[in-house]
Amino acid sequence: MTALVQKVTEMLEMLPEQDQDLAYQMVKKLLLAWDPDFTRLTPKEQERLNQALKETETISHDQINWN
């Protein structure tokens, strides 16, 4: 968690529960505007994907017996 995210979390915890829900809905709308189809990767997700690709053995399309 970045320092900024931690600060935002601490501020949200100060709010009453109803206002926390409002803040959640606003953030959710921001994320949907940024990535409406949920296809973008965050930097952390990209890092995890890259690591998984390094650790995973892949099989070429030509090596598969499709019959």
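It should be noted that the structure appears before, not after, this text.
Summary of the structure given here. All figures in this text were calculated on a predicted structure; none of them were measured in a lab.

1. Quick word on the overall build of the protein
Scanning the protein for helices and strands turns up three helices and zero strands. Scanning the protein from its N terminus toward the C terminus, one meets helices and strands in the order α-α-α. Taking 2.2 N^0.38 as the reference for a compact globule, 67 residues should give roughly 11 Å; the C-alpha atoms of the protein span a radius of gyration of 20 Å, well beyond that estimate. Projected onto its principal axes, the C-alpha positions of the protein cover 60 × 25 × 20 Å. Looking at the protein as a whole, 3% of its 67 residues are labelled buried. Of the roughly 6800 Å² of accessible surface on the protein, a fraction of 58% belongs to carbon and sulfur atoms. With 7 positive and 12 negative side-chain charges, the protein shows a separation of 5 Å between the mean positions of the two kinds.

So, how was this worked out
Residues numbered from 1 in each chain as written. Predicted model: local features only at pLDDT ≥ 70, side-chain atom pairs only at ≥ 80, totals over all residues. Heavy atoms only, no water. Helix = DSSP H or I, 4+ residues; strand = E, 2+ residues; numbered from the N terminus. Rg over C-alpha atoms; globule rule 2.2 N^0.38 Å. Buried < 20%, exposed > 50% of the residue type's maximum accessible area, 1.4 Å probe, protein only. Areas by Shrake-Rupley, 256 points an atom, 1.4 Å probe, with all protein chains shown as cover. Lys, Arg positive; Asp, Glu negative; His and termini not counted. Charge placed at Lys NZ, Arg CZ, Asp CG, Glu CD.

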